[in-house]
Amino acid sequence: MGMTSNHTYIQSIRLKEGDLPKEEFPLNIPALRSFSSLYFHPNVTYVIGENGVGKSTLLEGVAVALGFNAEGGTLNFNFSSYDSHSDLHDYLRVARGTTRPKDSFFFRAETFYNVATNIEELDSEGFGPKVIDGFGGESLHKQSHGESFFAAFMHRFSGNGLYILDEPEAALSPTRQLSMLSRIHELVEQGSQFIISTHSPLLMAYPDSKIIELTEEGMEETHLTETDHYRTMEQFFEDRERLLYHLFK
Ligand SMILES: Nc1ncnc2c1ncn2[C@@H]1O[C@H](COP(=O)(O)OP(=O)(O)O)[C@@H](O)[C@H]1O
Ligand SMILES: [Mg+2]
């Protein structure tokens, strides 16, 4: 590993004090029920856990509290008529670092299509440099979902950035996930901070990082080799026949 940056754009989040609607969504999600605070790693913080445990809700809450559009994009995207799914951002207090990010992106697979549409609309208005040039130049609608996200990640992300990514591996091959990991390393060395929700043990493998697991009991820090994601893959590779036998019997 080379040297790591000490840029921290977001240090922690904590739940505001006072009378909060703990019986309602989103604070009624089991993982959030006992939540009080979460400290982020200066480089990469992973948010992991089973489907439906609250990862997207948490990432959206953080992103919207920081001023991102709930639908994703950079801090400058405010095209949306789209309502945030939850009010979590209203209940969060964000502790920022002393420096501001020069670049930013909130990626959510579900709505990246809308971000792509917004880029085409901005460019068809025709003033100034084309937004799409910053994403590699080729219309994101003419590329596959995985390719278009990958293009943004390789071309548009420029370092000194704060990047919040919700399951970015969704459309990426294992090889591209490894390319993504190496790009994460470059961007970290260029003073970037990431918050990434993922199910991929490949993408989760950045060494100088922190993994937070959401469960029904709350949130807890864990380590790569202790995660279900890693262990399941490990069983598969170590003794596939045995795993399949138990699966099919
Ligand atoms: N707008 C909503 N209103 C009520 N419940 C919701 C809403 N959006 C999500 N949920 C519930 O909150 C839980 C967490 O969802 P989500 O954050 O999307 O999970 P994950 O990203 O970990 O798969 C799920 O049980 C989901 O059904
Ligand atoms: Mg999700």
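Structure shown above.
Residues numbered from 1 in each chain as written. Chains lettered and ligands numbered in written order. Predicted model: local features only at pLDDT ≥ 70, side-chain atom pairs only at ≥ 80, totals over all residues. Heavy atoms only, no water.

Here we look at unusual backbone geometry
Note the threshold: Elements are defined by DSSP. Helices are runs of H or I of four residues or more, strands are runs of E of two residues or more, and each kind is numbered from the N terminus.
Residue P26 is reached from F25 by a cis peptide bond, and omega for that bond is 5°. Even without being a glycine, N160 presents a positive backbone phi close to 45°. The backbone phi angle of E167 is positive, close to 45°, even though this residue is not glycine. The residue E167 is located in the loop between β6 (161-166) and α6 (174-189) in this model.

Considerations on the site of ligand 1
Test applied: Proximity is defined per residue: any heavy atom of the residue falling within 4 Å of a molecule or strand makes that residue near it. Distance and chemistry together define a polar contact, namely a pair of N or O atoms within 3.5 Å, with one atom able to donate a hydrogen and the other to accept it when in protein, and with adjacent residues in sequence counting only for side-chain atoms on both sides. Polar here means any residue outside two lists: the nonpolar Ala, Val, Leu, Ile, Met, Phe, Trp, Tyr, Cys and Pro, and the charged Asp, Glu, Lys and Arg; Gly therefore counts as polar.
Residues in contact with ligand 1, as listed here, are F25, I29, E50, N51, G52, V53, G54, K55, S56, T57 and H85. Between ligand 1 and G52, the relevant distance is 2.7 Å, taken from an oxygen atom to a main-chain nitrogen or oxygen of the residue. Class assignment for the residues of the shell around ligand 1 results in three nonpolar, six polar and two charged.

Section: the pairing of strand β1 (residues 10-15)
Note the following rule: Any two strands between which DSSP finds at least two bridges are classified as paired.
Two elements, β1 and strand β4 (residues 92-96), share five bridges in a ladder whose sense is antiparallel. Note that in β4 the partner of I10 across the bridge is R96. Looking at chain direction, β1 and strand β2 (residues 37-39) are connected through three bridges and run antiparallel. Residue pairing in the sheet places S12 in a bridge with Y39 of β2.

Structural notes on the side chain of K55
The criterion, for reference: Throughout this description, buried means an accessible area under 20% of the type-specific maximum (1.4 Å probe, protein chains only), exposed means over 50%, and partly exposed covers the range between. This count recognises Lys and Arg as positive and Asp and Glu as negative, with His and chain-terminal groups excluded. Here a salt bridge means any side-chain nitrogen of Lys or Arg lying within 4 Å of a carboxyl oxygen belonging to Asp or Glu. Contact definition: two residues touch when any of their heavy atoms are within 4.5 Å.
Turning to its location among the elements, K55 is positioned in helix α2 (residues 55-65). Salt bridges are absent for the buried K55, whose nearest opposite-charge side chain, E167, sits at 4.2 Å. Within the structure, the side chain of K55 is placed 3.0 Å from the backbone oxygen of G49, a separation counted as a polar contact. Contacts of K55, omitting those with residues within four sequence positions, involve V47, I48, G49, E50, E167, S197, H199 and L214.

Regarding the nonpolar core
Short version of the rule: We call a set of buried Ala, Val, Leu, Ile, Met, Phe, Trp, Tyr and Cys residues a nonpolar core when their side-chain atoms join them within 4.5 Å.
I10, I13, L58, V62, I164 and I195 are the most contacted members of the largest nonpolar core, which totals 29 residues. Elements supplying a minimum of two residues to this core: β1, α1 (30-33), α2, α3 (88-91), β6 and β8 (209-215). Sort the elements by how many residues they give to this core and α2 lands first, with four residues. For I10, the residues in contact, after removing those within four places along its chain, are F40, V62, L66, V94, A95, R96, G97, L162, Q193 and I195.

Notes on the pattern of salt bridges
Inspection of every chain in the model, using the stated rule, returns three salt bridges. Across the salt bridge formed by D103 and R156, the nearest N and O atoms sit 2.6 Å from each other. Of this pair, D103 sits in strand β5 (residues 103-108) while R156 sits in helix α5 (residues 145-156), and the two are 53 residues apart along the sequence. The two residues D103 and R156 agree in class, both being buried.

A closer look at the sheet that holds β4
Quick reminder of the rule: Each axis is a line fitted through C-alpha atoms, taken for helices only over the stretch in contact, and angles between the N-to-C directions span 0 to 180 degrees.
In spatial order, the strands read β2-β1-β4; together these three strands make up an open sheet with antiparallel pairing. Whereas interior strands pair on both sides, the edge strands pair on one side only; in this sheet they are β2 and β4. Sheet twist, expressed as the average angle between the axes of neighbouring strands with direction ignored, equals 15°. Along the sheet, α2 makes contact with β1, β2 and β4, crossing β4 at roughly 65°.

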